[in-house]
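Survey of secondary and tertiary structure
These are the residues of each chain, in order.
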Amino acid sequence: MLRILGWAGYDTGLRRAFDSFTRDTGIAVSFKGVRNQDEMHHVAQTEAFDIACPTTDRLASWLDSRLIAPLDEDRIGFARIDPAFHADAHTVIQGRRYGSPNIWGGAGIGHHRDHAPLDPAGLSLMALFDPAYAGRLTMREDTAFVAAGRALEAAGQLPYPFDDSYRFEDRMIANYDVIGAFLADHASHVARFWFSEEEGMDAFRSGACVVGYSWDTTMAALQREGFPSNFIAPIEGTNCYLQNFVLSAKADPGPAQDWIAWVNTPQGSAQYATAFGANPTATGARALLPAQDQSFFAASYPAEALAKLWWQPEQPLWFVKHRGEYARRYRMAVEG
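Described in the following lines is the structure provided in the data block. Fair warning: this is a prediction, and the values are worked out from it, not measured in the lab. (Residues numbered from 1 in each chain as written. Predicted model: local features only at pLDDT ≥ 70, side-chain atom pairs only at ≥ 80, totals over all residues. Heavy atoms only, no water.)

1. Let's talk about the packing of aromatic side chains
Worth spelling out the cut-off: Aromatic pairs are defined between Phe, Tyr and Trp rings, using the six-membered ring for Trp, whenever the two ring centres lie within 6.5 Å; interplanar angles under 30 degrees are classed as stacked, those over 60 as edge-to-face, and all others as tilted. In DSSP terms, a helix is any run of H or I states spanning at least four residues, a strand is any run of E spanning at least two, and both are numbered starting from the N terminus. For the exposure calls, accessible area comes from a 1.4 Å probe over protein chains only, and a residue counts as buried if that area is under 20% of its type's maximum, exposed if over 50%, partly exposed in between. Charges are assigned to positions over rings by a cutoff of 6 Å between ring centre and Lys NZ or Arg CZ, combined with an angular limit of 35 degrees from the ring normal.
Taken as a whole and judged by the stated rule, the model has 31 aromatic pairs. Considering the side-chain rings of Phe-145 and Tyr-176, the 5.1 Å spacing of their centres and the 0 degrees angle between planes classify their relative orientation as stacked. Of the two residues, Phe-145 sits in helix H5 (residues 144-154) while Tyr-176 sits in helix H6 (residues 169-185), which places them 31 residues apart along the sequence. Given the relative accessible area of 1%, Tyr-176 is considered buried. The lysine or arginine in question, Arg-171, covers the ring of Phe-168, its NZ or CZ lying 4.9 Å from the ring centre. Geometry around Tyr-326 places Arg-329 over its ring, the cationic atom sitting 5.0 Å from the centre.

Given below as structure tokens:
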């Protein structure tokens, strides 16, 4: 039995992919879904797994925690991944490959087309804090600092470049003090925090929120339901994440790497990405996505947006620790 630790909220689509994999290989799959990166890392430390799905910015912390083993590039069919998504600076650590990219997506401006009719041309992340939508904003309490921080950087209001927040602890604190003060001043804008895909969707479905710092997949899923939603890539560049498969240091590498190899085929990659409504990474997979998904991502990522993607930097353990404390203070400011 192959044990996969992944993302909650996509059970129907993932089960289709797992069933296809089982038919093709004879390997059965058990699945455990979690809501966010921190929970995935915690579960991996306390429960047995074979494959997990952290993003590139977290791979170093998984290795530091001695959770993962290197991958065999030939065994997993790594050559079938589009070179644009190899992300060697993050997936190759100490000369060995620890991550196999499988889907990518981004966080940007989600909005209700009727109640928040935003013009996508040159739209800044600062639009999230427009007084017109005060009290109707949804965000995650941690990545709100990315949205506000990059908007403040573009406005020349941070003491250091925002990317320095991930490289230097003192600069992270200096920047996050400014960002935290800005968010506290706009605390009344937030109607609801979200953590999972389903919670992000419910924030809009409920009518409580009309704008959000949202995943593209959230807005795509709402569109598939017929909800009048759009995703806009901000002028600062969409905050993009590259999801990876990692191999548990305690796993049987055979079946686990067979799963990765299956997803690295065009058909497997398209089916896996369709489960999330996200972008696949295998060469040739994009053309196999459902037509609605292809249309959504073409509209969300015009050529100028694809040229400005901002890939989430690695988040070292000291960063994650401080980020959690800033997020806690922000929640307190919002909830009073």
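2. Topic: the environment of Ala-256
In plain terms, the rule: Contacts were defined at the residue level, with two residues in contact if any of their heavy atoms lie within 4.5 Å.
Within the secondary structure, Ala-256 is located in helix H9 (residues 253-263). On a C-alpha basis, the gap between Ala-256 and Ala-278 in space is 22 Å, while along the polypeptide they are 22 residues apart. For Ala-256, the residues in contact, after removing those within four places along its chain, are Leu-2, Asp-50, Ile-51 and Leu-247.

3. Brief notes about the pairing of strand S12 (residues 239-248)
To keep things clear, this is the line we draw: Strands are treated as partners if at least two bridges between them are detected by DSSP.
In terms of burial, S12 is a largely internal element, ten of the ten residues being buried. As paired strands, strand S3 (residues 51-52) and S12 are joined by two bridges and run antiparallel to one another. When the sheet's bridge partners are listed, Ala-52 is paired in S12 with Val-246. Where strand S7 (residues 100-112) and S12 come together, seven bridges link them in antiparallel fashion. When the sheet's bridge partners are listed, Gly-105 is paired in S12 with Tyr-241. Across two bridges, S12 lies against strand S14 (residues 310-311) in parallel orientation. Paired with Cys-240 across the bridge in S14 is Trp-311.

4. Some remarks on the state of the cysteines
Counted only if it meets this: Disulfides are defined as pairs of cysteine sulfur atoms found within 2.5 Å of each other.
A complete count under the given rule lists zero disulfides for this structure. Considering cysteine sulfurs only, Cys-240 is the nearest to Cys-53, which forms no disulfide, with 18 Å between them. The buried category is assigned to Cys-53, whose relative accessible area is 1%.

5. Here we look at the environment of Glu-198
With respect to the helices and strands, the residue Glu-198 is situated in helix H7 (residues 197-205). Look at Glu-198 and you get partly exposed, because its relative accessible area is 37%. Between the C-alpha atom of Glu-198 and that of Gly-212, which follows or precedes it by 14 residues, the distance is 14 Å.

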